[in-house]
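Observations on chain architecture
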Amino acid sequence: MKFEVIKKRTASEIVADQILIRLRSMDLMAGEKLPATRDLAKMFRVGRSSVRGAIKALDAKGILQVIQGKGTYVAKNIDSAKVGTEALKEKLVVVNMHSLLEARQILECKSAELAAQRADPRQILQIGEAIIEMQKPNQDDQTFLSADRAFHLAVADGAENPALYELVKLLLSLVHENDENFLTMHDGAREKTIDSVNNILFYIRQGDSKMAARSMSDHLEVVSHNMSHLMSGSTPKTDIPEGVRKETAAPVKE
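In this text, all values refer to a predicted model and were calculated from it rather than measured experimentally.

Re the packing of helix α6 (residues 121-135) against helix α9 (residues 189-206)
Their axes nearest at 10 Å, the elements α6 and α9 cross at an angle of 165 degrees. By the angle between their axes, α6 is roughly antiparallel relative to α9. Judged by the twist between their axes, the crossing of α6 over α9 is left-handed. Where α6 abuts α9, its residues I124, I127, G128, I131, M134 and Q135 lie against T193, I194, V197, N198, L201, I204 and R205. Its residues assigned to classes, the contact of α6 with α9 shows 8 nonpolar, 4 polar and 1 charged.

Some words on the confidence of the model for the protein chain
Averaged over all residues, the pLDDT of the protein chain equals 77, while 70% of them reach at least 70. When pLDDT is averaged over each helix and strand of the protein chain, the minimum, 51, is found for helix α4 (residues 80-92) and the maximum, 94, for α6. A low-confidence stretch, residues 1-6 (pLDDT under 50), is modelled with 7 contacts involving residues beyond four sequence positions or located in other chains. Segment residues 233-248 is flagged for pLDDT under 50; beyond a separation of four residues in sequence, or across chains, it makes 29 contacts in the model.

Considering the nonpolar core
Counting residues in hydrophobic clusters, the biggest one holds 26 residues, and the most contacted among them are I127, M134, F151, V155, I204 and M216. Listing elements by their share of this core, those giving two or more residues are α5 (97-118), α6, α7 (141-158), α9 and α10 (209-232). Apart from the residues within four sequence positions on either side, I204 is in contact with A112, A115, A116, I124, I127, V155 and A212. Membership of the second largest hydrophobic core comes to 17 residues, among which are V15, A16, L23 and L58.

Some words on unusual backbone geometry
Residues other than glycine seldom take positive phi values, yet R45 does so here, at roughly 55 degrees. Take R45: it is sitting in the loop between α2 (37-44) and α3 (48-60). Accessibility expressed as a relative area gives 79% for R45, which makes it exposed. One non-glycine residue with positive phi stands out, namely E160, at about 60 degrees. Examined against the element boundaries, E160 turns out to sit in the loop between α7 and α8 (162-185). According to the relative accessible area criterion, E160 is partly exposed, its value standing at 45%.

Describing the pairing of strand β1 (residues 64-67)
Relative to strand β2 (residues 71-74), β1 runs antiparallel, the two being bridged by 4 bridges. Pairing of I67 across the sheet is with G71, part of β2. Turn length for the β1-β2 hairpin, with the two strands adjacent in sequence and antiparallel, is 3 residues, and the turn residue G69 shows positive phi of about 85 degrees.

Structural notes on the packing of α7 against α9
Running from N to C, α7 and α9 cross one another at 20 degrees; their axes reach a closest spacing of 12 Å. Judged on the interaxial angle alone, α9 and α7 are roughly parallel. Crossing hand, α7 versus α9: left-handed. Of α9, the residues touching α7 (which contributes D141, F144, D148, F151 and V155) are R190, T193, I194, V197, I200 and I204. Its residues placed into classes, the contact of α7 with α9 shows 7 nonpolar, 1 polar and 3 charged.

Here we look at α7
A rise of 1.5 Å per residue sets the reference length of α7, with its 18 residues, at 26 Å; its end C-alpha atoms lie 26 Å apart and thus fit the reference within 8%. Buried within α7 we find F144, L145, A147, D148, F151, H152, L153, A154, V155, A156 and G158. Of the residues one or two after α7, E160 is the one with positive phi, at around 60 degrees.

Thresholds applied
- Residues numbered from 1 in each chain as written.
- Predicted model: local features only at pLDDT ≥ 70, side-chain atom pairs only at ≥ 80, totals over all residues.
- Heavy atoms only, no water.
- Axes fitted to C-alpha atoms, helices over the stretch in contact; angles between N-to-C directions.
- Helix = DSSP H or I, 4+ residues; strand = E, 2+ residues; numbered from the N terminus.
- Parallel < 35°, antiparallel > 145°, perpendicular 65-115°, else oblique.
- Left-handed = near helix turned anticlockwise from the far one by under 90°.
- Contact = heavy atoms within 4.5 Å.
- Nonpolar A, V, L, I, M, F, W, Y, C, P; charged D, E, K, R; others polar.
- pLDDT = per-residue confidence, 0-100.
- Core = buried A, V, L, I, M, F, W, Y, C linked by side-chain atoms within 4.5 Å.
- Buried < 20%, exposed > 50% of the residue type's maximum accessible area, 1.4 Å probe, protein only.
- Pairing = 2+ DSSP bridges.
- Expected span 1.5 Å × (residues − 1).

And the structure:
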């Protein structure tokens, strides 16, 4: 029997979501001052530290503005798109991992396909630079994960579709929290990932959109295959899943 990993939400995250809900319902308006921290803590029935954490997170996103000695305000130049993005992310947090990975297959395969058609030399160079970072030896898991994320964003950037880029970026932020555990736990995950991203770059350089999309599908299949074992608590097999090609393009050289 398999169960989805339940993401624990902190009190700060819940408070931040409640503030966003009030922004979307127009209970809070741009430039409006929020109640004092102690009053918010009473309203939400949480500790002050949780309220401060929520305010800090929303301040970093440009949704709130903290003015020393005066208080916390809704940003005057708040972008409604930011609030909408946070609302979408809030809904996706509770979506199961299988659905998120399936959405990645759809969006990122299309990104690779379009990148093979549209990416300019600068964008192709960015993809290659991300792979070079991934290939560096003796780096910690977080550094590798950051390079992997940069690779996917570079491919999405090469697709020359801003909407597609933002959606890929959002899905990455949700999936990579679990990817970090995946890369740490399972031997061989890095090697398989590097082989597959080199394939993607090879076909993007060749302008072969069909094979670029297929190679991205192969790459995400490796992720999905290993992630399914993470969810079930079992140890993944070391062989490449059925349907994933074993031949690999020459690696990117530094």
